[in-house]
Amino acid sequence: MNWISDWALPKVKALFGQPREVPDNLWHKCPACEQMIFHRDLERNLHVCTHCGHHMRLSAAGRVKATLDEGWSRIELPKAPADPLRFRDQRKYADRLKEAQQKSGMDDAVLVAQGTILGRKAVLGVFEFGFMAGSMGAGVGEALVTAAKLAVLQDAPLIVFTASGGARMQEGAISLMQMPRTVIATRMVKEAGLPFIVVLCDPTTGGVTASFAMLGDIQIAEPGALIGFAGARVIEQTVREKLPEGFQRAEYLLEHGILDMVVKRHDMRATLAQVISLLREPTLPAEAPAEDVPLLPAPEVVEAEVVKPA
């Protein structure tokens, strides 16, 4: 058998070339139904499972492309102080930050863009969950303040897609300060008479939920999105009661009045355009008043003669 390995196989490899390396990410497994989906089919379907309709996480850039018309522009954001506390756990925070920036191609966890949605102006702030779980630090606060100022300047509604694990622990109190700061940013938009729309994606938790994410004029969520402050296990241990099925999911919150609507990803663009039209476009002119019609004379009041009985 040595002639096969020593002579035949080298001849075959020389004739047909070396075997091609197959990438590991050609197929994706749906976390809900566990079916395998080809990566191109998944991208064409906006990362929604083609078998069960489960909404997987979508990158910030992919979400902007799926929402805005062609010709949108990305906004350059001010630089936030890197590692202000010189934090270190198992690794330096500065090293974690650099690694996240290299993988995502973003400076921090929020991408800001401006453009149109079916012809209607809008400013978008989109969270990237892949950037340190979309945690909110000084960079995120700076991005949302910039987006709010741009919306006021452009006289356009501000739409924020949230997907975050909450405040960024590596920035300590500086991260917590972004909660009131982002609330003030939303007030700027509302005081200018502009709509502030929040689209809650999976997951939206912690300090993001506890600040600006629940202050939208219109609250929208994607199907099955996890939305809450603390985890379900923590809540159960605190109240010592079993939570209802589907607790903290988008459909449960819609049923209990926390959300205005739950919209599938394929319908999100058209829904946002419709909401902007309802809130921003002028209403139809009122009908012209009818011509004055002469009033009929008031009927005369005739008093009946009272006949006394004999």
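Refer to the structure printed above.
Residues numbered from 1 in each chain as written. Predicted model: local features only at pLDDT ≥ 70, side-chain atom pairs only at ≥ 80, totals over all residues. Heavy atoms only, no water.

> I'd like to hear about the overall build of the protein, residue by residue, with values.
When helices and strands are tallied, the protein shows 10 helices and nine strands. When the 310 residues of the protein are sorted by exposure, 38% land in the buried category. When contacts within the protein are restricted to residue pairs at least 6 apart in sequence, those whose partners lie at least 24 apart make up 67%. Entry remark: accessible area of the protein is about 19,400 Å², with carbon and sulfur atoms responsible for 55%. (Helix = DSSP H or I, 4+ residues; strand = E, 2+ residues; numbered from the N terminus. Buried < 20%, exposed > 50% of the residue type's maximum accessible area, 1.4 Å probe, protein only. Contact = heavy atoms within 4.5 Å. Areas by Shrake-Rupley, 256 points an atom, 1.4 Å probe, with all protein chains shown as cover.)

> I'd love a proper account of the nonpolar core, names of residues and values included.
Grouped burial of nonpolar side chains is what soluble globular proteins tend to show. Grouped together as the largest cluster of nonpolar side chains are 63 residues, with contacts concentrated most on Ile117, Phe127, Leu158, Ile159, Phe161 and Leu272. Ranked by residues supplied to this core, first place goes to helix 5 (residues 138-154) with eight residues. Not counting residues within four places of it along the chain, the set of residues in contact with Ile117 comprises Thr67, Leu68, Asp69, Ala122, Leu124, Ile159, Arg269, Leu272, Ala273 and Ile276. Counting five residues, the second largest nonpolar core, distinct from the first, contains Cys30, Ile37, Cys49 and Met56. (Core = buried A, V, L, I, M, F, W, Y, C linked by side-chain atoms within 4.5 Å.)

> Please give an account of the sheet that holds strand 5 (residues 120-127) that cites residues and values.
If you walk across this open sheet you meet the seven strands as 3-4-5-6-7-8-9, and the pairing is mixed. In the strand order of this sheet, the two ends are held by strand 3 (73-74) and strand 9 (261-262), each with one partner. Examined bridge by bridge, strand 7 (residues 196-204) and strand 8 (residues 218-221) share four bridges and lie parallel to one another. Its bridge partner being in strand 8, Leu200 is matched across the sheet by Ala221. (Pairing = 2+ DSSP bridges.)

> Could you give an account of the side chain of Ser277, with specific residues and numbers?
Among the secondary structure elements, Ser277 is positioned in helix 10 (residues 265-280). From its side chain, Ser277 meets the backbone oxygen of Ala273 in a polar contact 2.9 Å long. (Polar contact = N/O pair within 3.5 Å; in protein donor to acceptor, adjacent residues only side chain to side chain.)

> I'd love a proper account of the side chain of Asp83, names of residues and values included.
Tracing the backbone through its elements, the reader meets Asp83 in the loop between strand 3 and helix 4 (93-104). At a separation of 2.9 Å, a polar atom in the side chain of Asp83 contacts the main-chain amide nitrogen of Arg86. With sequence-adjacent residues up to four places away left out, Asp83 is seen in contact with Tyr93 and Ala94.

> Explain the packing of aromatic side chains residue by residue, including any values.
Following the criterion strictly, the structure yields three aromatic pairs and no others. Aromatic pair Phe127 and Phe212: ring centres 6.1 Å apart, planes at 15°, arrangement stacked. Placement of the pair is Phe127 in strand 5 and Phe212 in the loop between helix 7 (206-209) and strand 8, with a sequence separation of 85 residues. Per residue, the accessibility class of Phe127 equals that of Phe212, and both read buried. The aromatic ring of Phe129 is capped on one face by Arg57, whose charged end is 4.3 Å from the ring centroid. (Phe/Tyr/Trp six-rings, centres within 6.5 Å; stacked < 30°, edge-to-face > 60°. Lys NZ or Arg CZ within 6 Å of the ring centre and 35° of its normal.)

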